[in-house]
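# Commentary on secondary and tertiary structure
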Protein chains: 2
Amino acid sequence: MGITKSDIFTEKQNDLAQFFKVLGHPARVAILQYIGSQNSCICNDLVEEIGLAQATISQHLKELKSIGLLKGEIEGKKMCYCINVERWEEIQQHLNQFFNNTKSNCC
Amino acid sequence: MGITKSDIFTEKQNDLAQFFKVLGHPARVAILQYIGSQNSCICNDLVEEIGLAQATISQHLKELKSIGLLKGEIEGKKMCYCINVERWEEIQQHLNQFFNNTKSNCC
DNA sequence: ATTATATATTGCAATATTACGATGATAAAC
DNA sequence: GTTTATCATCGTAATATTGCAATATATAAT
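Residues numbered from 1 in each chain as written. Chains lettered and ligands numbered in written order. Predicted model: local features only at pLDDT ≥ 70, side-chain atom pairs only at ≥ 80, totals over all residues. Heavy atoms only, no water.

## A word on the overall build of chain A
- Across its full length, chain A holds five helices and two strands.
- In terms of its C-alpha atoms, chain A occupies a principal-axis envelope of roughly 55 × 35 × 25 Å.
- Counting across all 107 residues of chain A, residues that qualify as buried make up 45%.
- Of the contacts formed within chain A by residues at least 6 apart in sequence, a portion of 48% connects residues at least 24 apart.
- Of the roughly 5,900 Å² that chain A leaves accessible, carbon and sulfur atoms contribute 44%. (Helix = DSSP H or I, 4+ residues; strand = E, 2+ residues; numbered from the N terminus. Buried < 20%, exposed > 50% of the residue type's maximum accessible area, 1.4 Å probe, protein only. Contact = heavy atoms within 4.5 Å. Areas by Shrake-Rupley, 256 points an atom, 1.4 Å probe, with all protein chains shown as cover.)

Structure (structure tokens):
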């Protein structure tokens with residue numbers, strides 16, 4: 001099918017999976033790492049840096065924005081994409097909670 | 001296309017994205033949470049617990065095994081799937097390193 | 001031996017994702 | 001106002017993922 005049966009899971013499970021899913025592409029990992037290494041960021045830099053077409057980068061940025069990880073401000077004709085640090089730490093906490101709460105003690 | 005251009009990214013970026021990707025499905029999140037809440041686990045329990053067909057659960061288990069997060073031991077005619085705690089903590093560390101190293105200071 | 005139970009694998013249909021060229025939209029530069 | 005630069009969106013092709021029924025495999029129970 002290709003369709004995920006979201007309705008049989010809790011909202012938390014769906015949200016958590018969504019965070020993981022958005023981070024689950026090397027281009028998006030690379031984008032975040034590059035933005036993190038700079039003080040600001042412009043989409044066009046990424047096109048050269050990453051090596052994907054402009055339209056593709058733009059799409060990946062959109063997905064990162066969709067979970068609030070990036071915020072973009074218009075600076076004249078350029079866009080300044082930055083990591084939303086508050087959200088970044090919030091998501092990191094969520095993921096760590098998942099890891100810490102899901103400890104097993106069998107085998 | 002649907003094909004990821006893995007060759008333009010580093011191995012670390014691809015690995016990291018792969019971890020995230022495998023965790024990026026609510027069924028797999030739910031499976032891990034359920035296994036974590038028990039002391040051992042049987043696939044058939046999961047079918048009732050999660051509400052997906054047996055074949056589908058089996059497939060998700062396979063993906064979780066593919067990154068080493070689960071280990072399965074045969075117990076008679078049953079399978080005992082458990083979380084591989086060492087690997088679990090290793091992956092948690094990798095993800096936290098990514099989050100901590102990718103801090104931005106702009107905007 | 002046969003049957004029941006538990007899980008894996010295969011094959012397939014439906015949908016999602018990835019990537020890109022083409023095209024829009026917007027603002028600076030001229 | 002025309003051009004240039006930067007980014008978003010649309011449309012589309014190729015591939016991946018999800019989910020399930022059917023089937024295969026393997027062991028336990030009878």
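After that view of the structure, there is still more to cover.
## A few points about helix α4 (residues 54–66) of chain A
Residues and elements named next belong to chain A.
- End to end, α4 covers 18 Å across 13 residues, agreeing with the expected 18 Å (1.5 Å per residue, within 8%).
- For α4, the full list of buried residues reads Ile57, His60, Leu61 and Leu64. All buried residues of α4 project into a common sector of 105° when viewed along the axis, lining one side. Seen from the open side of α4, the exposed residues pointing more than 90 degrees away from its buried face are Ala55, Gln59, Lys62 and Ser66.
- Residue Gly68 follows α4 closely and has a positive phi angle near 80°. (Expected span 1.5 Å × (residues − 1). Arc of directions from axis to C-beta.)

## Focus on the relation of the copies chain B and chain A
- Between chain B and chain A, which share one sequence, the superposing operator has a rotation angle of 180° and an axial displacement of 0.0 Å; the RMSD is 0.0 Å. On the angle and the small slide along the axis, the relation comes out as a two-fold axis. (Least-squares fit on C-alpha atoms with pLDDT ≥ 70 in both.)

## Points about the pattern of salt bridges
Residues and elements named next belong to chain A.
- Counted according to the given criterion, the structure contains five salt bridges over all chains.
- One salt bridge in this structure joins Glu63 and Arg28, with 3.2 Å as the shortest N-O distance. Of this pair, Glu63 sits in helix α4 while Arg28 sits in helix α2 (residues 26–37); the two residues are 35 residues apart in sequence, bridging distant segments of the chain.
- Overall, the relative accessible area of 33% leaves Glu63 in the partly exposed class. (Salt bridge = Lys/Arg side-chain N within 4 Å of Asp/Glu carboxyl O.)

## Some points on the pairing of strand β1 (residues 70–75) of chain A
Residue and element names in this part refer to chain A.
- Pairing geometry for β1 and strand β2 (residues 78–83), over six bridges, is antiparallel. Of the residues in β2, the one forming a bridge with Lys71 is Cys82.
- Here β1 folds back onto β2, and the loop between the two strands holds two residues, one of which, Gly76, carries a positive phi near 65°. (Pairing = 2+ DSSP bridges.)

## Let's talk about the packing of aromatic side chains
- Under the definition given, this model contains nine aromatic pairs over all chains.
- Between Phe20 of chain A and Phe20 of chain B, the ring centres sit 6.2 Å apart and the planes meet at 40°, which makes this aromatic pair tilted. Of this pair, Phe20 of chain A sits in helix α1 (residues 11–23) while Phe20 of chain B sits in helix α1 (residues 11–23), which puts the two residues in different chains.
- Ring centres 4.8 Å apart and planes at 45° place the aromatic pair Phe99 of chain A and Trp88 of chain B in the tilted group. With Phe99 of chain A in helix α5 (residues 85–101) and Trp88 of chain B in helix α5 (residues 85–101), this residue pair bridges two chains.
- The structure contains a cluster of three or more aromatic residues connected by ring pairs, namely Phe20, Trp88, Phe98 and Phe99 of chain A together with Phe20, Trp88, Phe98 and Phe99 of chain B. (Phe/Tyr/Trp six-rings, centres within 6.5 Å; stacked < 30°, edge-to-face > 60°.)

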